[in-house]
Amino acid sequence: MWVRDRLDGLWRDEDFEAWYPRDGRPGLSPAQLATVCVLQFLLNLSDRQAAEAVRCRIDFKYALALELDDPGFRHSVLGDFRDRLAKEDRADQLLDLALERLKAADLVKARGRQRTDSTHILAAARELTRLELVLEAVRAAVEELARTAPELLDGLVTAEWGERYGRPVRMCSQPSHPATRLTQAGTDAADLLTRFQQLRPGRVPGPQLQALRQIMVQQFVVDARGRLRPRREKDGQPPAGLQIRSPYDLQARFVLRGNTRWTGYLAHVTETCDDNSVNVITDVATLVSSGDSRALPGIHARLKQRRLLPAEHLVDGGYTSTAGFDAASRAHKVTLVGPLPANSSRQRETDNGFARENFIIDFDRREVTCPNGKVSGNWNELPAMAPYTVVRFDKRQCQPCPERSSCTRGAARTVNFLPRHLHEIQARNRTDQQDLQWKRLYASRSGVEGTVHELVSGHRARRCRYHGTAKTHVQHVLTAIAINIERLSGQEPEGSTYRPRQPTAFQQYLDAHGLPRPLWWRQGK
């Protein structure tokens, strides 16, 4: 009701005109289908439940501007519409259009303060062992050929194949003869791929056969005698970030971050966090990469396209780097607020000896002065020592020094530091981190973790509903729009008579006597 009353709908059919061919128009309104998808993720409904709600619920009909006797549509239409959303960058375009409506209603503004955090997303696939992966890949390929070209299986499939691949693979923790079964599955896969190549030369294999081919390359090798066998450590294993983990989701990857390990993706959520305003999600990114800092340039590029770049962007240490601070400032005039990694030198970690901060660097004279007053002009800079500038002191300077053991373990000290503009950014950031005002500003970043919790727990986004990055991203975008609607529609309208609950008698007594009392977190200091 709020969407219809306040915004007159999030989208119009004209917004989706470029998605459809000119010689055919959709029978159902794409604006209405997009709204149904958002309401579906808002209320955690399945496709059947959402279609039934459109047919039966009066609030859905009001939001969609439908007649009371409108019969609705078949639930499979929603899946087809999401498939269309997953193409190109249409999911992001959908978020762009929704944010345009919110900007027009003066509900979100640019050049304020925003914050970003990420969370892990589990793929919609089981965790498979190596043996289970190969067996399931062969079974999926056989199922695909049985549907599309069953004649290719004639003369190849025997009763043993039916025993091995006749049902989904489920194994105990310690299966019998795993090496023998793995080799047998690899041989079956090779025979299947060879049969397809011989009988269908030049034909493009289906997705499951393509997946089987990639898994065979990653998991098997042909030895010097021409025999197929599983890859061993000495044969070289592909990196974990490139290995296929499921034949049904070829883009999901194994990720290890700290103590958390999973197969799936990373979701990066960005929201506004200005004082006295509702926090609105302005960007969602779904990536396979485990590095947060790699997502930041894309986030800023999309926010620039939406004309919603912040003046201050609060991020945690996973997103920060000295080069990232410089790039955000130069390209987008965005001030990143976040901790840079501390100096990891031995002297700094043990708090014993002279760290780089104890040396005086004179960029104008291209000299470095040590704590004991020795000066070195042995200045080696880019491009030879990229990305650092390296200054080496002479052994004749260091060996007579009485504090050489506190400075270096070698014959002479070497000092590495970034180019001047990056070195100044790094030094300024590490100084700011000790300031109380910076700490208070950065403390508001933690609020985005509540949004992440709302996304993954309140709207079931921890596990993917669909296979592949594109469809998973559609799920995250629709969930983000749903959260925005939920937050904005929950505001008290102007002129409301609602007032927060007054303090109890004992709380008033504590306040009158200047005694501290616990506050609800929404009233937090």
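Quick look at the structure, then. One numbering rule holds for all chains: residues counted from 1, following each sequence as written. Only residues with pLDDT of at least 70 are given local features in this predicted model, and only at 80 or more are side-chain atom pairs given and counted; all residues enter the totals for whole chains, interfaces and linings. To obtain the side-chain values, all non-hydrogen atoms of the structure were included, while hydrogens and water were left out.

## Points about the environment of Ser 46
- Numbering of helices and strands runs from the N terminus; a helix is a DSSP stretch of H or I covering at least four residues, while a strand is a stretch of E covering at least two. With respect to the helices, strands and loops of the structure, Ser 46 is situated in the loop between α2 (30-42) and α3 (47-56).
- For every residue, the accessible area (1.4 Å probe, protein chains only) is compared with the maximum for its type, and the residue is labelled buried under 20%, exposed over 50%, or partly exposed between those bounds. Residue Ser 46 is classed as partly exposed on the basis of its relative accessible area of 32%.

## Looking at the sheet that holds strand β11 (residues 375-376)
- Strands are labelled as partners when DSSP assigns at least two bridges between them. With respect to topology, three strands assemble into an open sheet ordered β9-β10-β11, the strand pairing being antiparallel. The outermost strands of the open sheet, each flanked by one partner alone, are β9 (360-362) and β11.
- Two strands pair when backbone bridges link them, and strand β10 (residues 367-369) and β11 are joined in this way by two bridges, in the antiparallel orientation. Note that in β11 the partner of Thr 369 across the bridge is Val 375.

## A look at unusual backbone geometry
- Even without glycine at this site, Asp 106 takes up a positive phi of about 60°.
- Take Asp 106: it is sitting in the loop between α6 (90-104) and β1 (113-122).
- A relative accessible area of 51% places Asp 106 in the exposed class.
- Positive phi outside glycine occurs at Asn 276, with the angle close to 60°.
- Assignment of secondary structure puts Asn 276 in the loop between β5 (260-272) and β6 (281-287).
- Residue classification places Asn 276 among the exposed residues on the basis of a relative accessible area of 85%.

## A closer look at the packing of aromatic side chains
- Any two rings among Phe, Tyr and Trp, with Trp reduced to its six-membered ring, count as a pair given centres within 6.5 Å; such a pair is stacked if its planes are under 30 degrees apart, edge-to-face if over 60, and tilted if neither. Tallied over the full model, the rule gives eight aromatic pairs.
- Ring geometry for Phe 16 versus Trp 19: centroids 4.9 Å apart, planes at 90°, classification edge-to-face.
- Residue Phe 16 is classed as buried on the basis of its relative accessible area of 0%.
- Trp 19 sits in the buried class, given a relative accessible area of 7%.
- Note on Phe 506 and Tyr 509: the rings are 6.4 Å apart at their centroids and 15° apart in plane angle, and the pair reads as stacked.

## Focus: the packing of helix α9 (residues 178-199) against helix α10 (residues 207-219)
- Axis angles are defined between N-to-C directions and span 0 to 180 degrees, where every axis is a line fitted to C-alpha atoms and, for a helix, only to the segment in contact. It is the contact of α9 with α10, at a shortest axis distance of 11 Å, that shows an interaxial angle of 130°. Our classification of the angle between α9 and α10 gives oblique. Considering only the axes of α9 and α10, their crossing is left-handed. The segment α9 lies against α10, with Gly 186, Ala 189, Ala 190, Leu 192, Leu 193 and Phe 196 engaging Leu 209, Leu 212, Arg 213 and Met 216.
- Residues are grouped as follows: nonpolar covers Ala, Val, Leu, Ile, Met, Phe, Trp, Tyr, Cys and Pro; charged covers Asp, Glu, Lys and Arg; every other residue, Gly included, is treated as polar. Considering only residue class, the contact of α9 with α10 consists of eight nonpolar, one polar and one charged. The labels follow the angle: roughly parallel below 35 degrees, roughly antiparallel above 145, roughly perpendicular from 65 to 115, and oblique for the rest. Should the near helix be turned anticlockwise from the far one by less than a right angle, the crossing is termed left-handed; should it be turned clockwise, right-handed. Any two residues whose heavy atoms approach within 4.5 Å are treated as being in contact.

## Considering the state of the cysteines
- Sulfur atoms of two cysteines make up a disulfide when they are within 2.5 Å. As enumerated under the stated definition, the model contains zero disulfides in all.
- The thiol sulfur of Cys 37 is not disulfide-bonded, and the nearest other cysteine sulfur, from Cys 464, lies at 17 Å.
- The structure places no disulfide on Cys 401, whose sulfur is separated from the nearest cysteine sulfur, that of Cys 370, by 6.3 Å.

## Remarks on the packing of helix α18 (residues 447-458) against helix α19 (residues 469-489)
- Contact pair α18 / α19: the axes reach a minimum separation of 11 Å and the direction vectors enclose 115°. Our classification of the angle between α18 and α19 gives roughly perpendicular. Handedness of the α18/α19 crossing: right-handed. Contacts from Thr 451, Glu 454 and Leu 455 in α18 reach Thr 479, Ile 483, Glu 486 and Arg 487 in α19.
- When grouped by side-chain class, the residues that make up the contact of α18 with α19 number two nonpolar, two polar and three charged.

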